[in-house]
Amino acid sequence: MRESIIRHESLSASRCRSIRIALLVCLCAVALLSSCGKKDPLRDLESARVVRIRDGDTIELADGRAVRYIGIDTPETGQPYADSATLFNTALVLGKTVRLEYGRERLDRYGRTLAFVYVDGRMVNLEILKAGWAWCFFFGENLKHTRELVQALDGAMDSHRGLWKIPQPETTDHYVASFTSFRFHRPDCPNASDIKKDGIVVYAVRDSAIYHGNAPCKNCRP
Ligand SMILES: [Zn+2]
């Protein structure tokens, strides 16, 4: 009798074990299937090969198109740190196959293609900001990824990377920006006088205007 109880218990224990193993196999299969079905968000983007680097924010593709990165601006050729920005961009993408994500506006006024560019799953526009070789430059309707880009810039400025190793010199006693345009000006800039009174933001420090995602006006060059 005692023996049969023991045998009965061990039988039901082994049945439990089998059920547990079967459940585990099922769970693994479900996990495997769902990971196979997960779509790479970059998979459907157009891909192209980078054959030349123009500067820190512009590249050329094998099909002849020039691509200007959306949302960032790097020092112009001849300005301090322009070479560092170009070298950083070169190391990231030259000779590589990249993926292009377009904004709402496809071309700028110079006929360059505007894009967020991805290499090895990373967004180049963001990487250049993170390294401290660019400031944010938003315009028109191309406002995708704005928050991420400003956060990347702020991280670089907080850690004094690249352009932000030393504070930028002040060029006037205060700066004027608007809530909507992402530009800042010298107070005497004609563009600044166009800003509506209730939309004016005043910054005492140049770097503070940049930190909030504003780019220096190309006319008054604050
Ligand atoms: Zn201006």
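Located above this text is the structure these notes cover.
All values reported here derive from a predicted model rather than from experimental measurement.

Engineer: An account of the overall build of the protein chain is needed here, citing residue identities and associated values.
Structural biologist: A count of helices and strands for the protein chain gives six helices and 12 strands. Considering the protein chain as a whole, with its 222 residues, one finds that 31% of them fall into the buried category. Across the protein chain, contacts joining residues at least 24 apart in sequence account for 64% of those joining residues at least 6 apart.

Engineer: Can you tell me about helix α4 (residues 146–158), naming the residues and giving the values?
Structural biologist: Relative to the 18 Å expected for 13 residues at 1.5 Å per residue, α4 spans 18 Å between its end C-alpha atoms, a close match to the ideal helical length. Buried within α4 we find Leu149, Ala152, Leu153, Ala156 and Met157. Taken end-on, α4 shows its buried residues confined to a sector of 135°, consistent with a single buried face. Within α4, the exposed residues directed more than 90 degrees away from the buried face are Arg147 and Asp158. Tucked into the core, α4 has its buried residues touching β4 (71–73), α3 (124–130), β8 (135–137) and α6 (206–211).

Engineer: Run through the sheet that holds strand β12 (residues 215–216), naming residues and quoting values.
Structural biologist: What the four strands build is an open sheet, ordered β11-β9-β10-β12; its pairing is mixed. Strands with a single pairing partner mark the edges of an open sheet, and in this sheet they are β11 (200–203) and β12. Taken together, the two bridges between strand β10 (residues 183–185) and β12 define a ladder with parallel strand orientation. By the bridge assignment, Arg183 is partnered in β12 with Ala215.

Engineer: Tell me what's going on with the pairing of strand β1 (residues 46–53), and back it up with residues and numbers.
Structural biologist: Where β1 lies against strand β5 (residues 97–107), four bridges are found, and the strand directions are antiparallel. Bridge pairing in β5 links Arg49 to Thr97. Pairing between β1 and strand β2 (residues 58–61): three bridges, direction antiparallel. Directly across from Ile53, in β2, lies its bridge partner Ile59.

Engineer: Tell me about unusual backbone geometry, residues and numbers included.
Structural biologist: Of note, the phi angle at His145 is positive, near 65°, even though the residue is not glycine. The residue His145 is located in the loop between β8 and α4 in this model. We note that Arg221 has phi near 45°; this positive angle belongs to a residue other than glycine. Looking at the element boundaries, Arg221 is found in the segment after β12.

Engineer: Account for the pairing of strand β3 (residues 66–69), with residues named and values stated.
Structural biologist: Where β2 meets β3, three bridges bridge the pair, whose relative direction is antiparallel. Within the sheet, the bridge partner assigned to Thr58 lies in β3 and is Arg68. Turn length for the β2-β3 hairpin, with the two strands adjacent in sequence and antiparallel, is four residues, and the turn residue Gly64 shows positive phi of about 95°. Examined bridge by bridge, β3 and strand β6 (residues 113–119) share three bridges and lie parallel to one another. Its bridge partner lying in β6, Tyr69 is registered against Ala115.

Engineer: Can you break down the nonpolar core residue by residue, with the values?
Structural biologist: Counting 47 residues, the largest nonpolar core has Ile72, Val117, Val124, Ile128, Leu129, Cys136 and Leu153 as the members making the most contacts within it. Not counting the four nearest positions on each side in its chain, Leu129 is found in contact with Ile72, Ala134, Leu149, Ala152, Leu153 and Ala156.

Engineer: Just give me the short version of the environment of Pro80, but keep the residues and values in it.
Structural biologist: Take Pro80: it is sitting in the loop between β4 and α2 (82–93). The class for Pro80 is exposed, based on 8 C-beta atoms found within 10 Å. Distance from Pro80 to Leu163, taken between C-alpha atoms, is 8.7 Å for residues 83 residues apart in sequence.

Criteria and thresholds
- Residues numbered from 1 in each chain as written.
- Predicted model: local features only at pLDDT ≥ 70, side-chain atom pairs only at ≥ 80, totals over all residues.
- Helix = DSSP H or I, 4+ residues; strand = E, 2+ residues; numbered from the N terminus.
- Buried ≥ 20, exposed ≤ 12 C-beta atoms within 10 Å, placed from the backbone.
- Contact = placed C-beta atoms within 7 Å.
- Expected span 1.5 Å × (residues − 1).
- Arc of directions from axis to C-beta.
- Pairing = 2+ DSSP bridges.
- Core = buried A, V, L, I, M, F, W, Y, C linked by C-beta atoms within 7 Å.

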